[in-house]
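Descriptive analysis of the structure
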Amino acid sequence: MSRILPEPATTGAEVDADELFRLRHLVRHIPERGLAPTGRPGGFAGKRRGNGLEIVDVRPFSEGDDIRHVDAAATARTGRTHVRTFRDEREKTALLVADFRPAMLWGTRGRLRSVAAAMALALAGWRVIEAGGRVGIFAIGAGAPLYVAPRGRERGMAAVAGGLARAHADAIAAAAGGRSGDPTLDTALEAAVSLVPREGTLYLATGLDTPGPEFDPLMSALRRRARLVALLVRDRFETAPPRGAYPFLSGAGSTLRWAYVTGRDTSVSASDPRLARLERLGAEVRTIDADAEPEAMAQSLVEFAKGFDAGRS
């Protein structure tokens, strides 16, 4: 008896919240790389600033303890000097920033770049949740951004998946209705950067179209207080376009121009200026093929979420 497989819930032009939620099984079973004896990646533990704020123990004072850590209540109760032991707190909050501007709403191999961005962010979010962190989203488009505050566990990812689906549907509707003004990325990101907690992480899924004049300073300012992970979403046409002549609009007057692609190897994977720019700004960069299977995306993203398992260095 033949087995009937279910039809895909989406066409490659839609973001489905249920499908994003089901991506959890792809990251649950990816094996973790063992940590060094320091408890963090690498052979040596770098010095952390300060002593942290989380109290893990109260014990009798011994020579060499910092007198500033004396616990007055325990000392008065026992008649012996006691000190508090602190542990460095680790921020495990991530803000997933989805670029759903009109420039992202296209694709040539079965999936829009914007849909691939949503899938990649959902996979990254599940890795954070599995490590005990919290995730929120900030979706930018032609209109007002959609913000979902960070939350933990499955409830947090349910809100993230629903928010991504809702924001993408709004972006498609705005483009179909002719309301498709394309703001620069720096203008759209300004509010998102202020929402990232110190020592947190911002995951930015984008094609880096029209980043704007303030993009570099904005990302540099973010990197001084938080982690930046850039998921550069690229359509196959961008990395290896087929031979031919292609029309495009250029300039403020939308002048029609033509680009000619020869039969030579046109792959730009190793020389994409967007990659070099993001790396120069201190971002951890992963390229996401818009037509890649979810399993391949999950394997590509697994290294980034390990920072949540070990804590930030």
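Quick note: structure is the one above.
Right, let's walk through the structure included here. (Residues numbered from 1 in each chain as written. Predicted model: local features only at pLDDT ≥ 70, side-chain atom pairs only at ≥ 80, totals over all residues. Heavy atoms only, no water.)

**Comments concerning the overall build of the protein chain**
For clarity, the cut-off: Note on conventions: DSSP H or I runs of at least 4 residues are helices, E runs of at least 2 residues are strands, and numbering of each starts at the N terminus. Type-normalised accessible area, obtained with a 1.4 Å probe on protein chains alone, sets the label of each residue: buried when under 20%, exposed when over 50%, and partly exposed for intermediate values. Areas reported here follow the Shrake-Rupley algorithm with a probe of radius 1.4 Å; residue values treat only the protein chains shown as occluding.
Scanning the protein chain from N- to C-terminus turns up ten helices and ten strands. A total of 313 residues make up the protein chain; the buried ones form 42% of that total. Of the roughly 16900 Å² of accessible surface on the protein chain, a fraction of 52% belongs to carbon and sulfur atoms.

**Quick look at unusual backbone geometry**
You will see that Arg153, though not glycine, has its phi angle at about 60°, which is positive. Structurally, Arg153 is set in helix H5 (residues 153-176). If you check the backbone angles, Thr210 has positive phi at about 40° while not being a glycine. You can call Thr210 partly exposed: its relative accessible area is 45%.

**What to know about the packing of aromatic side chains**
The line we're drawing: Pairing of aromatic rings covers Phe, Tyr and Trp, the last counted by its six-membered ring, and requires centre-to-centre distances within 6.5 Å; plane angles under 30 degrees mean stacked, over 60 mean edge-to-face, and any other angle means tilted.
Taken as a whole, this structure holds two aromatic pairs when the rule is applied. Taking 5.1 Å as the distance between ring centres and 75° as the angle between the ring planes, the aromatic pair formed by Phe21 and Trp126 counts as edge-to-face. Of this pair, Phe21 sits in helix H1 (residues 17-22) while Trp126 sits in helix H4 (residues 113-130), and the two are 105 residues apart along the sequence. On the basis of an interplanar angle of 55° and a centroid distance of 6.4 Å, the ring pair of Phe138 and Tyr147 is categorised as tilted. Here Phe138 falls in the buried class, since its relative accessible area comes to 4%.

**So, helix H7 (residues 215-223)**
Formally: Starting at the helix axis, one direction is taken to each C-beta atom, and the arc is that of these directions. Here a residue-residue contact requires only that any non-hydrogen atoms of the pair lie within 4.5 Å.
Within H7, burial applies to Phe215, Asp216, Leu218, Met219 and Leu222. Seen along its axis, H7 keeps its buried residues to an arc of 165°; they face one direction. Considering only its buried residues, H7 is in contact with helix H6 (185-195), strand S6 (201-206), strand S7 (227-234) and helix H9 (273-280).

**Some points on the environment of Tyr147**
Mapped onto the fold, Tyr147 is located in strand S5 (residues 146-152). The exposure class assigned to Tyr147 is partly exposed, which follows from its relative accessible area of 38%. Through-space distance from the C-alpha of Tyr147 to that of Val97 is 9.2 Å; in sequence the pair is 50 residues apart. Non-local contacts of Tyr147, meaning those with residues more than four positions away in its chain, are made with Leu95, Ile137, Phe138 and Leu195.

**Concerning H5**
Keep this limit in mind: Working rule for helices: expected span equals 1.5 Å times residues minus one.
Look at H5: 35 Å from first C-alpha to last across 24 residues, which is about the 34 Å you get at 1.5 Å a residue. If you check which residues of H5 are buried, you get Gly156, Met157, Val160, Ala161, Gly163, Leu164, Ala165, Ala167, His168, Ala171 and Ala174. As for H5, its buried residues are in contact with H1, strand S3 (93-99), H4, strand S4 (134-140) and S5.

**Some remarks on the nonpolar core**
The test is simple: As used in this record, nonpolar core signifies buried Ala, Val, Leu, Ile, Met, Phe, Trp, Tyr and Cys residues forming a set joined through side-chain atoms within 4.5 Å.
Counting 48 residues, the largest nonpolar core has Leu20, Phe100, Leu123, Leu164, Tyr203, Leu231 and Met297 as its most contacted members. If you tally residues by element for this core, the top one is H4, at 13 residues. Counting 26 residues, the second largest nonpolar core, distinct from the first, contains Val196, Leu202, Leu204 and Leu278.

**So, the sheet that holds S4**
What counts, and what does not: The criterion for strand pairing is that DSSP finds at least two bridges linking the strands in question. Note on geometry: axes are C-alpha line fits, over the in-contact stretch for helices, and angles between N-to-C directions span 0 to 180 degrees.
Reading across the sheet, the six strands line up as S5-S4-S3-S6-S7-S10 and stay open at both edges, with mixed pairing between neighbours. The strands lining the two open edges of the sheet, one partner per strand, are S5 and strand S10 (284-289). This sheet shows a mean twist of 15° between the axes of neighbouring strands, independent of strand direction. The pairing of S4 with S5 spans five bridges and is classified as antiparallel. When the sheet's bridge partners are listed, Ala139 is paired in S5 with Leu146.

**Considerations on the pattern of salt bridges**
Worth spelling out the cut-off: We define a salt bridge as a contact between a side-chain nitrogen of Lys or Arg and a carboxyl oxygen of Asp or Glu at a distance within 4 Å.
A complete count under the given rule lists 15 salt bridges for this structure. Note that Glu284 is salt-bridged to Arg227, the shortest N-O span being 2.8 Å. Taken together, the residues span a long stretch of sequence, with Glu284 in strand S10 and Arg227 in strand S7 at a distance of 57 residues. Because the salt bridges share partners, they merge into one network encompassing Arg113, Asp209, Arg234, Glu238, Asp272 and Arg274.

**Description of the side chain of Asp186**
What counts, and what does not: By the counting scheme adopted, Arg and Lys are positive, Glu and Asp are negative, and His together with the chain ends is not counted. Side-chain atoms alone can form a polar contact between residues adjacent in sequence; in general such a contact is a pair of N or O atoms within 3.5 Å, and within protein one must be able to donate a hydrogen while the other accepts it.
Tracing the backbone shows Asp186 in helix H6. Salt bridges are absent for the buried Asp186, whose nearest opposite-charge side chain, Arg101, sits at 7.2 Å. Within the structure, the side chain of Asp186 is placed 2.5 Å from the side chain of Thr184, a separation counted as a polar contact.

**What to know about the packing of H6 against H7**
What counts is decided by this rule: Orientation is classified from the angle alone, with under 35 degrees giving roughly parallel, over 145 giving roughly antiparallel, 65 to 115 giving roughly perpendicular, and any other angle giving oblique. A clockwise turn of the near helix away from the far one marks a right-handed crossing, whereas an anticlockwise turn of less than a right angle marks a left-handed crossing. Gly falls in the polar group here, along with every residue not listed as nonpolar (Ala, Val, Leu, Ile, Met, Phe, Trp, Tyr, Cys, Pro) or charged (Asp, Glu, Lys, Arg).
Interhelical geometry of H6 versus H7 gives an angle of 20° and a closest axis separation of 9 Å. Taken as axis vectors, H6 and H7 run roughly parallel relative to one another. In this structure, the crossing between H6 and H7 has a hand that is left-handed. Where H6 abuts H7, its residues Leu185, Asp186, Leu189, Glu190 and Val193 lie against Phe215, Leu218, Met219 and Leu222. Considering only residue class, the contact of H6 with H7 consists of seven nonpolar, no polar and two charged.

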